[in-house]
Amino acid sequence: MANPVLVATWPFGLAAVRVGSEVLTDGGTAMAAAIAAVSHTEADPEVDSVGYGGLPNSAGVVQLDAAVMDGRTGHAGAVGALEGILHAVQVAEAVMRDGRHVFLVGSGAKRFALEHGFQEQDLLTENSRNWFKEFQRTGIKKDFFDTIGVLALDTHGDLATACTTSGLAGKMPGRVGDSPLIGGGLYADNEAGAAAATGVGEDILKICGSFLVVELMRQGRSPQEACQEVVRRCIRHQQRETSTQCCFIACNRQGEIGGASTRKGFQYAVWKGEQDSLIEAPFFGGEF
Ligand code: GLY
């Protein structure tokens, strides 16, 4: 029996891993734990980059991106630009279970969700409405991207990952970032490890960031080494004097974990057995 582990992006990931840990300690699967964890964040109106309370696009509409990947089966599901459904990650899971397709977007994703029993709801809060009014007045976007991505290792030794985000605040309608792209925002393979990303989707997806982290683990790097190497690749690839914020977390079947960031200030949450903690990730692109 393996010792279960959960890793989640950002300080709000601590509450998420606590929820996921209850699933794992009850003998639940890594997939169930990862979905429970990120669902908790989706429902939290205080987190303005995910689910309910997530900041809207330039048309004032909240469009959600989410994905899941099961490291045991290799199966995956994703939704992009989904409107009016709180638990985008659970719709992604339904897409995976349905099995006909991997990635549904926009009105098709919403139609699929409604057909599968999800209820439509308003995802705007007072805070996000106020933000939008200010955005219309000033045109100032938020220079911060904080997707919740969770990696889970269960007692059977299986890996899974899930992520969900409202993406870039004030984004162009229809814009999809890295999060729902399998290999971009997340990847899991029992044979190598699991990884997830947070940060500027455009820069993460151009290097297939999460897939690259997992492939480096397959080649023998530790999760920490793999995250650092991909962050360095991200910085080189951008060819800018100041790189954007791109961050990765990783975990392998031995329960080893890692995390790294281009910029200072990325923290990730870890739960192992009885203990949870926040870890400050090393950064390689300077202090901005
Ligand atoms: N990483 C989230 C996004 O760019 O949408």
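Quick note: structure is the one above.
This one's a predicted model, so the numbers in the text were calculated from it and none came from an experiment. (Residues numbered from 1 in each chain as written. Predicted model: local features only at pLDDT ≥ 70, side-chain atom pairs only at ≥ 80, totals over all residues. Heavy atoms only, no water.)

1. So, the pairing of strand 11 (residues 267-272)
Every regular strand shows the same layout, with side chains that alternate between the two sheet faces.
Next, step 1: Across five bridges, strand 1 (residues 5-9) lies against strand 11 in antiparallel orientation. In the strand pairing of strand 11, A8 is matched with A269.
Next, step 2: Looking at chain direction, strand 11 and strand 12 (residues 275-280) are connected through six bridges and run antiparallel. Its bridge partner being in strand 12, W271 is matched across the sheet by D276.
Next, step 3: Between strand 11 and strand 12, which follow one another and run antiparallel, lie two residues, and G273 among them has a positive phi close to 60 degrees. (Pairing = 2+ DSSP bridges. Helix = DSSP H or I, 4+ residues; strand = E, 2+ residues; numbered from the N terminus.)

2. Some words on helix 1 (residues 13-25)
Next, step 1: The end-to-end C-alpha distance of helix 1 is 18 Å, a good match for the 18 Å that 13 residues give at a rise of 1.5 Å each.
Next, step 2: Restricting attention to buried positions, one finds in helix 1 the residues G13, L14, A16, V17, G20, S21 and L24. One face of helix 1 carries all of its buried residues, which in axial projection span an arc of 145 degrees.
Next, step 3: In this structure, the buried residues of helix 1 make contact with strand 1, helix 2 (30-42), strand 5 (148-153), strand 11 and strand 12.
Next, step 4: Once helix 1 finishes, G27 follows within two positions and takes phi at roughly 85 degrees, a positive value. (Expected span 1.5 Å × (residues − 1). Buried < 20%, exposed > 50% of the residue type's maximum accessible area, 1.4 Å probe, protein only. Arc of directions from axis to C-beta. Contact = heavy atoms within 4.5 Å.)

3. Quick word on the environment of E241
Next, step 1: Position of E241 relative to the elements: it lies in the loop between helix 8 (223-238) and strand 9 (246-251).
Next, step 2: Taking relative accessible area as the criterion, E241 reaches 83% and is therefore assigned exposed.
Next, step 3: It is 38 Å that separates the C-alpha atoms of E241 and K272, two residues lying 31 residues apart in sequence.

4. With respect to a nonpolar patch on the surface
Next, step 1: Taken together, the side chains of V102, F103, V105 and I182 present a nonpolar region at the surface, about 290 Å² in accessible area.
Next, step 2: With respect to the secondary-structure elements, V105 resides in strand 4 (residues 103-105). (Patch = residues over 30% accessible without salt bridge, like charges linked within 9 Å, V, L, I, M, F, W, Y side chains within 5 Å. Areas by Shrake-Rupley, 256 points an atom, 1.4 Å probe, with all protein chains shown as cover. Salt bridge = Lys/Arg side-chain N within 4 Å of Asp/Glu carboxyl O.)

5. A short note on the site of the ligand
Next, step 1: In the region of the ligand, the neighbouring residues are T147, G167, L168, R175, G177, D178, S179, G199 and G201.
Next, step 2: G201 is positioned such that a nitrogen or oxygen atom in its backbone is 2.8 Å from an oxygen atom of the ligand.
Next, step 3: In the complex, the protein chains occlude 99% of the 200 Å² of accessible area that the ligand would expose alone.
Next, step 4: A class-by-class count of the residues in the shell around the ligand yields one nonpolar, six polar and two charged. (Near = heavy atom within 4 Å. Polar contact = N/O pair within 3.5 Å; in protein donor to acceptor, adjacent residues only side chain to side chain. Nonpolar A, V, L, I, M, F, W, Y, C, P; charged D, E, K, R; others polar.)

6. With respect to the nonpolar core
Next, step 1: The biggest cluster of nonpolar side chains holds 44 residues, and the ones touching the most others in it are L6, V68, V79, V91 and V150.
Next, step 2: Once you skip the residues sitting within four places of it in the chain, L6 turns out to touch V17, G20, S21, L24, A33, V150, L151, A152, A269, V270 and W271. (Core = buried A, V, L, I, M, F, W, Y, C linked by side-chain atoms within 4.5 Å.)

7. Focus on the sheet that holds strand 6 (residues 159-165)
Next, step 1: Taken together, eight strands build an open sheet; the order of strands is 4-3-2-6-5-1-11-12 and the sheet is mixed. Two strands close off the open sheet at either side, each with one partner strand: strand 4 and strand 12. For this sheet the average axis-to-axis angle between neighbouring strands, irrespective of direction, equals 10 degrees.
Next, step 2: Against the sheet, helix 1 engages strand 1, strand 5, strand 11 and strand 12, with an angle of about 155 degrees to strand 1. (Axes fitted to C-alpha atoms, helices over the stretch in contact; angles between N-to-C directions.)

8. Quick word on the packing of aromatic side chains
Next, step 1: The full count for this structure, using the stated rule, is five aromatic pairs.
Next, step 2: Ring centres of W131 and F135 lie 5.0 Å apart, and the angle between their planes is 10 degrees; on these two criteria the pair is classed as stacked. A residue pair is termed a helical-turn pair when its members lie 3 or 4 positions apart in one helix, as W131 and F135 do in helix 5 (residues 126-138) at four residues. Per residue, the accessibility class of W131 equals that of F135, and both read buried. (Phe/Tyr/Trp six-rings, centres within 6.5 Å; stacked < 30°, edge-to-face > 60°.)

9. Side note on the pattern of salt bridges
Next, step 1: Per the stated rule, a full pass over the model turns up 15 salt bridges.
Next, step 2: Among the ionic pairs, E202 bridges to R175, the shortest N-O distance being 2.7 Å. A residue pair is termed long-range when its members are at least 10 positions apart, and E202 in helix 6 (residues 201-205) and R175 in the loop between strand 6 and strand 7 (186-189) qualify at 27 residues.
Next, step 3: Here the salt bridges share partners, and the residues they tie into one network are D189, E191, E215 and R218.

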